[in-house]
Amino acid sequence: MIIQAQGIEKSFGTLKVLKGIDLEVAQGEVLSIMGASGAGKSTLLQILGTLSTPDAGSLRIDGTDVLALGSKALSQFRNRRIGFVFQFHHLLPEFTALENVLIPAYIGGRSEKEARPEAEKLLDTLGLSERMTHKPSELSGGEQQRVAIARALINRPAVLFADEPSGNLDSVTKADLHKLFFDLRDSLGQTIVIVTHDPELAALCDRSLFMRDGLFDEKA
C-alpha cells in the first residue's frame, strides 16, 4: 500500500473536522474523495500530503512513517515522494513552463543536466512540446494546469494529490484533464488521490469515497 492511514483526527479549536479516518490506497490506484463543503476533504488531503499534522492517528506513505520525521526530513520527503496539483496552478509568472517544472528538481538537489531531459519529456508527454519556453501568461488555463502536473511529477512522486484540479476549467479542457490522470496511471503506474466535487471525474476513478461530517460514509 502506498498510503496507510489509521485513526486520523483533526480539530480546529472546538470544531472536530476529522473524527478517525482509516484509509489505504494501493500502488497505481486512482481514488476520488467527494463530499459537501466542510466535510473535511481538503483537511484530510493536507494531512495525507504532509502539509498538516493530525491530532491523533498514524500515517505511512510509501512505507515511511511520516509523522515520525523531523521538519527537515519531512520537507525532503515531501519534495521527493509527494506531488501536488491544486485548482489554481500557482505557477511562477516570471519563469517559462520548463523552468517552472524544473524548480522542484533543483530544490531536491538535482542538476539541470539530469533533470532537464526529464522535464522536457514530461512536457512533451503532456502535449506541451511547443510551449516549453512560454510563460504562464502566454498559456491557456488547461495548458497551465498541465504544466503544474508536470511540475508535480518531476521528482517521480509515490503519490500525486489533486485538490479540485479541474474546478477552474471549461468542460472540454476538463474532460481532457480527466483523461490525462488515467493516462498517467497507465503509463507511469502513478498513484493519484483526487478531492473533487465533480461526479463525472469521480465516476471514472477506480474507487470513490464520500465524506460526511469528518468520516467516510459507508452508505454513499
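Refer to the structure above for everything that follows.
(A) Quick peek at the sheet that holds strand β7 (residues 159-163). Read from one edge of the open sheet, six strands run β6-β7-β8-β3-β9-β10, paired in mixed fashion. Each having just a single partner strand, β6 (82-86) and β10 (215-216) make up the two edges of the open sheet. When β7 meets strand β8 (residues 191-195), the two strands line up parallel, connected through five bridges. Across the sheet, residue A162 finds its bridge partner in β8, namely I194.

(B) Here's a closer look at the pattern of salt bridges. Enumeration according to the criterion identifies 13 salt bridges in this entry. Residues D183 and K179 are paired through a salt bridge, measuring 2.9 Å at the closest nitrogen-oxygen approach. In this pair, D183 and K179 both sit in helix α6 (residues 171-188), four residues apart, roughly one turn of the helix. The class for D183 is partly exposed, based on a relative accessible area of 33%. Salt-bridge contacts for R185 lead to D186; the nearest nitrogen and oxygen are separated by 3.0 Å. Connected through salt bridges with shared partners, the residues R110, E114, E118 and R156 form a single ionic network.

(C) Expanded view of the sheet that holds strand β1 (residues 3-12). Across the sheet, which stays open at both edges, the four strands sit in the order β2-β1-β4-β5 with antiparallel pairing between neighbours. One side of each edge strand has no neighbouring strand; the edge strands of this open sheet are β2 (15-25) and β5 (64-65). Bridge analysis of β1 against strand β4 (residues 56-61) gives five bridges, and the strand direction is antiparallel. For A5, the partnering residue across the bridge sits in β4 and is L59.

(D) Highlighting helix α5 (residues 141-153). Over its 13 residues, α5 runs 19 Å from end to end, which matches the ideal 18 Å to within 8%, given 1.5 Å per residue. By the criterion of burial, α5 is predominantly enclosed, with 11 of the 13 residues buried. Considered for burial, the residues of α5 that qualify are G142, E143, Q144, Q145, V147, A148, I149, A150, R151, A152 and L153.

(E) Examining the nonpolar core more closely. Ranked by size, the top nonpolar core spans 34 residues in total, and within it V101, L123, V147, I149, L160, F181 and I194 carry the most contacts. Of all elements in the fold, only α3 (97-107), α4 (112-125), α5, β7, α6 and β8 reach the threshold of two or more residues within this core. Looking at this core, the element that brings in the most residues is α5, giving six residues. Aside from chain neighbours lying at most four places away, what touches I149 is V85, L126, L177, L180, F181 and L184. Counting 31 residues, the second largest nonpolar core, distinct from the first, contains I21, V25, I61 and V193.

(F) Local environment of the packing of α3 against α5. It is the contact of α3 with α5, at a shortest axis distance of 7 Å, that shows an interaxial angle of 30°. By the criterion of interaxial angle, the relationship of α3 to α5 is roughly parallel. Along this stretch, α3 crosses α5, giving a crossing that reads as right-handed. Judged by residue contacts, A97, N100, V101 and P104 of α3 engage V147, A150 and R151 from α5. Across the contact of α3 with α5, the residue classes tally to five nonpolar, one polar and one charged.

(G) Looking closely at unusual backbone geometry. The backbone of D62 shows a phi angle near 50°, a positive value even though the residue is not glycine. Backbone geometry at R156 places phi at a positive 50°, although glycine is not the residue there. On the secondary structure map, R156 appears in the loop between α5 and β7.

(H) Expanded view of α3. Within α3, the full set of buried residues consists of A97, L98, N100, V101, L102, P104 and A105. Each element contacted by the buried residues of α3 is listed here: α2 (71-81), α4 and α5. One or two positions beyond α3, positive phi appears at G109, with a value near 90°.

Calculation notes
- Residues numbered from 1 in each chain as written.
- Predicted model: local features only at pLDDT ≥ 70, side-chain atom pairs only at ≥ 80, totals over all residues.
- Heavy atoms only, no water.
- Pairing = 2+ DSSP bridges.
- Helix = DSSP H or I, 4+ residues; strand = E, 2+ residues; numbered from the N terminus.
- Salt bridge = Lys/Arg side-chain N within 4 Å of Asp/Glu carboxyl O.
- Buried < 20%, exposed > 50% of the residue type's maximum accessible area, 1.4 Å probe, protein only.
- Expected span 1.5 Å × (residues − 1).
- Core = buried A, V, L, I, M, F, W, Y, C linked by side-chain atoms within 4.5 Å.
- Contact = heavy atoms within 4.5 Å.
- Axes fitted to C-alpha atoms, helices over the stretch in contact; angles between N-to-C directions.
- Parallel < 35°, antiparallel > 145°, perpendicular 65-115°, else oblique.
- Left-handed = near helix turned anticlockwise from the far one by under 90°.
- Nonpolar A, V, L, I, M, F, W, Y, C, P; charged D, E, K, R; others polar.

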